[in-house]
Structures are given as structure tokens and as C-alpha cells.
Amino acid sequence: MSHMREGLRPGGRSARVQMAIHKAVNELIAQIGSEAITVPMIASQAGVTPTTIYRRWGDLSTLLADVSLQSWQPETPPPDKGSLKADLYHWFEEFLDEMSSGPGRQVLKDVLASQQKDQAARCCGFTLQQVQHILQRAKERGDRSIPTVDDILDGVIGGLIYRITFLQEPPSVDHLYRTIDRVISMAKSDQEQS
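Residues numbered from 1 in each chain as written. Predicted model: local features only at pLDDT ≥ 70, side-chain atom pairs only at ≥ 80, totals over all residues. Heavy atoms only, no water.

Undergrad: What am I meant to see in the nonpolar core here?
TA: Soluble, globular proteins show a tendency: their nonpolar side chains are buried together. Counting 25 residues, the largest nonpolar core has Leu84, Leu88, Phe92, Ile152 and Ile180 as its most contacted members. The set of elements that each furnish at least two residues to this core consists of α5 (84-100), α7 (118-141), α8 (149-167) and α9 (173-193). Per element, the largest residue contribution to this core is eight residues, and it comes from α5. When residues no more than four places from it in sequence are discounted, the contact partners of Leu84 are Ile134, Leu135, Ala138, Arg141, Asp143, Ser145, Ile146, Pro147 and Ile184. (Core = buried A, V, L, I, M, F, W, Y, C linked by side-chain atoms within 4.5 Å. Buried < 20%, exposed > 50% of the residue type's maximum accessible area, 1.4 Å probe, protein only. Helix = DSSP H or I, 4+ residues; strand = E, 2+ residues; numbered from the N terminus. Contact = heavy atoms within 4.5 Å.)

Undergrad: I would appreciate a short explanation of the environment of Gln129 in the present structure.
TA: Here Gln129 is to be found in helix α7. Among the residues examined, Gln129 registers a relative accessible area of 46% and is labelled partly exposed. Separated by 51 residues in sequence, Gln129 and Ile180 place their C-alpha atoms 17 Å apart.

Undergrad: Just to check I follow, could you spell out the packing of aromatic side chains for this structure?
TA: Scanning all chains against the criterion turns up five aromatic pairs. Judged by centre distance (4.9 Å) and plane angle (85 degrees), the ring pair of Trp91 and Phe92 falls under edge-to-face. When its relative accessible area of 9% is taken as the criterion, Trp91 is described as buried. A centroid spacing of 5.9 Å and a plane angle of 85 degrees characterise the contact between Phe92 and Phe95, whose relative ring orientation is edge-to-face. Taken as a pair, Phe92 and Phe95 lie in helix α5 at a separation of three residues, close to a single helical turn. Residue Phe95 is classed as buried on the basis of its relative accessible area of 6%. Among the aromatic side chains, those forming a connected cluster through ring pairs are Trp91, Phe92 and Phe95. Sitting over the face of the ring of Trp57, Arg56 holds its NZ or CZ atom 5.3 Å from the ring centroid. (Phe/Tyr/Trp six-rings, centres within 6.5 Å; stacked < 30°, edge-to-face > 60°. Lys NZ or Arg CZ within 6 Å of the ring centre and 35° of its normal.)

As C-alpha cells, this is what we get:
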């Protein structure tokens, strides 16, 4: 993040301040909603000055995106369901539920509203790490017809996020499965031709 200072220690005062500010944001969101929050309110709740927030995040939208992304970061790798298709079905069904929920839509809204474009890249990065893990596991397992990360990004994730964010109409699980099947089938066709 360009507004966040580089080289801060992972612990110490900086970490405590960040935790206090993130906690204050989450508490205020629960109390009054994100649209009503101001930097002075957050600063007061966290016991810091507004300057501290502006110095570290630059603006309110970047702070809200940072807090949203903190909750977005996966804590564990995707579960192994035994095959590439089963892994993708399971992971994307959870992803669909999460992203089409109120909190998931708020994460997308916060990330898109941020003045720092690297927030969207971080968001995408978390998702792609999980997909890469699934694809790597499939390779190690000896699965065939493995799509690329770009195939999954373009063929599944892009359409899903577009539907949720802009159409406000998440796809059905059946539609999601058909989309995954199509991407796997295309990978199989590409592999047979090469």
C-alpha cells in the first residue's frame, strides 16, 4: 500500500495500534454501519489521533478496505475432496455463499471504493492463492485436465464477481458447477490438441 509505511515491525506499538484501529472499525460497523463511520469516530474509539489513521492509510476508504481484506484472508488451505472437480465445486460453492452474503458484498464494495488500487490486487491475490493450491494439489494427485489459474480467473471468478457486484444476481450453484465443468472441459480439449 503506498500510504502505509514500509518496514514497520510486525509487532510492537505499530501492531497494537493497527489492531486497535481495526477493532474500532469493526465495532463501529456493527453499531452504526460503514456508511456512517468517520475517521474521527474511529480515532476516538481506538484511542489514537485522526492523523495516525491518515498517515497509515491515507483515507477512510483505504482503511475500510484494509479491514475488510483482513477478514477475507484465508486461514487454512482449501479442503481436499479427492478430485479437482470436487475440490473446485466445494471451494467455489463456499466462495459463492461468502461473496453473495451481506458481509461479502461489503468487502467487494470497500475494496472497489478504495483509492488504493492494490487493495483489489490483494483481494484477488487471496482468491488466486486458494485456486493455485487446489490446482497444485490436483497435479500432485495425478488428476488430468487441469486448467490454468488464468482459465479459472477468466472462466469462473470473473463472471461470478461481475454477477454479484454489478448485476446483484449471484449465479445458482448449478450454473456455477456448469461453469467449472466448462473450464475443465476446455483444459482437457487444450491438452488433447497439444
